[in-house]
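Here's the letter readout for the chains.
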Amino acid sequence: MNYSVVKAAGYVLVHTPDMIMHNGTTQTTERITNPDSEYLKKLPEHIRPYEKVVNYAPNQVYIGNLCPEDLKGYEMPWCDKDVEGAGRYGKFGEIMPQDEFIGLLKMSDAFDLVKLEKSFVTVIKDKLASHPLFDDEDIAKIKDGEDLSEIEMEVNEHHAEAIYHDGKLIGCVKKAHEIDTNLNAHVMYENLVVKASGFLAFKHLLYNNKINPSAVEYVIECSEEACGDMNQRGGGNFAKSIAEMGRAVNATGSDTRGFCAAPTHALIEAAALVKAGVYENVVIVAGGATAKLGMNGKDHVKKGLPVLEDVLGGFAILISKNDGVNPILRTDLIGRHTVGTGSSPQAVITSLITAPLDKGGLKITDIDKYSVEMQNPDVTKPAGAGDVPTANYKMIAAIGVKRKELERKELGSFVEKHGMPGWAPTQGHIPSGVPYLGFAREDLTEGSLNRAMIVGKGSLFLGRMTNLFDGVSVILERNPGKVEEQGSASKEEVKTMIAEAMRDFASHLLSE
């Protein structure tokens, strides 16, 4: 079978200290329910500066300057240790500062909803003009700024969502409709953040891998937000809006939603579309969520830690037709949590891990690396959620023992060999399997690995439509280097053709 391949990947983070304070759900809820709380008073002292965010080891892994295994060389907690020689840019993308990202919000603004203060615009246009990703056409989208008094009036009198930088009001996002709650200023702010951060990841994917945007034919956006109006609340389409910004003029697209599992759903969908010959190049992309900023901030502040959920995440992955080089996506070996699976840990692991392995005649140990919920334990452990990736690996290993594919004494070594420390920000959909795809492409081409499994899980019950859990998985393999020509006949077809020709020839002789 001529499988599709993972051809390239891009990953970005955006440092958003003021958005933690003013847009993260934990903080905005606290401001409404308990405005004089000690947490809100202490919070500013626990916000990291940009330099500390860049020097943070998990963030350097996310953009590709360190490998996941490098984290084992740093004693936890990682947040009090700087990476020597850390940089803003990595092979997969970058860690963008907040002021430049606010400029991207305006660049993403197709309906003139974003208003920025004049002097801020002047500074930010100069900064973005020197950025390697953006040209004059991009910068021209950042229109001249407004007087601060105009912005203050929009915020105070017309319910615009304020934009802050360094604690100062420097802009706002206006509501897009007078009465439609789906187009109010808060929702428009969130959606523009998704679009801008997804666009940044998309641009890095193209730029770093020398991909012509016109080669992209389809885009699948798989974040956790939804855009629409009162007549179609989740109508979309983030995907096409990002493709438009990235000048992918030959692309169409759509949005896929599945809570945290959506990126792996999107990966499988993209692989199937390419394998079927519908499109040759499909990009899956996702931007970050302001709501998740500082989500566990109360626990971090209580324990004297910095608020570690201080970045938006974004990624973009290119899925292409088989080139005989890049890792193949085994769309015949898919794990899926079905309606009838059940929600016990054993049922989940069986449906997502062992079912696809059994179909391929593989053992648990035949997968060199499992990429599960790759959440950063520096964030989750102080919040009481433990080390999420390690817990997943232990469950997989336990099933391996039960299946007699592992000895009990090998449990620890299995986690060490087949697992990885978590490094992704807790942005819901961002950690769910896909952060490893950039490294997987390298490990399965230049490295020594042969198979990896990407596992995405989702909490559908959060939408209050069902109590069901969700999840899907897919196996990646080293490319065997054999590519069938599109439309060429298989061996069996050739044999059939020869047999038919011989029969025709014999019939012809007999008729003479």
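Just so we're clear, the structure is a prediction, and the values are computed from it rather than from any experiment. (Residues numbered from 1 in each chain as written. Predicted model: local features only at pLDDT ≥ 70, side-chain atom pairs only at ≥ 80, totals over all residues. Heavy atoms only, no water.)

Draft legend 1. The arrangement of the packing of aromatic side chains in detail. Per the counting criterion, the structure on display carries 7 aromatic pairs. Taking the centre distance of 5.1 Å and the plane angle of 80 degrees together, the rings of Phe-92 and Phe-439 count as edge-to-face. Residue Phe-92 is located in the loop between α5 (57-62) and β2 (93-96), and its partner Phe-439 is located in helix α18 (residues 437-443); the two are separated by 347 residues in the primary sequence. For Phe-439, a relative accessible area of 2% corresponds to the buried category. (Phe/Tyr/Trp six-rings, centres within 6.5 Å; stacked < 30°, edge-to-face > 60°. Helix = DSSP H or I, 4+ residues; strand = E, 2+ residues; numbered from the N terminus. Buried < 20%, exposed > 50% of the residue type's maximum accessible area, 1.4 Å probe, protein only.)

Draft legend 2. Highlighting the environment of Asn-376. Tracing the sequence through the fold places Asn-376 in the loop between β11 (369-371) and α15 (377-380). Judged by relative accessible area, Asn-376 falls into the buried class, the value being 2%. Taking the C-alpha atoms as reference, Asn-376 lies 22 Å from Leu-411; in sequence the two are 35 residues apart. Once residues within four sequence positions are removed from consideration, Asn-376 is found in contact with Tyr-56, Pro-58, Trp-78, Gly-422, Trp-423 and Ala-424. (Contact = heavy atoms within 4.5 Å.)

Draft legend 3. Summary view of the sheet that holds strand β3 (residues 114-116). One open sheet accounts for 3 strands, arranged β3-β5-β4; its pairing is antiparallel. On the outer flanks of this sheet lie β3 and β4 (161-165), each paired with one strand and no other. Mean inter-strand twist for the sheet, computed between neighbouring axes without regard to direction, equals 30 degrees. Note that β3 and strand β5 (residues 168-173) share 3 bridges and pair antiparallel. Bridging from a neighbouring strand, Leu-116 pairs with Gly-171 of β5. (Pairing = 2+ DSSP bridges. Axes fitted to C-alpha atoms, helices over the stretch in contact; angles between N-to-C directions.)

Draft legend 4. Summary view of the packing of helix α16 (residues 388-402) against helix α17 (residues 411-418). At a closest axis distance of 9 Å, the pairing of α16 and α17 adopts a crossing angle of 125 degrees. The orientation of α16 relative to α17 falls into the category oblique. For the pair α16 and α17, the sense of crossing is right-handed. For the pair α16 and α17, contact is made by Thr-390, Tyr-393, Lys-394, Ile-396, Ala-397, Ala-398 and Val-401 and by Leu-411, Phe-414, Val-415 and His-418, respectively. (Parallel < 35°, antiparallel > 145°, perpendicular 65-115°, else oblique. Left-handed = near helix turned anticlockwise from the far one by under 90°.)

By themselves, these are just geometric observations and shouldn't be taken as functional.
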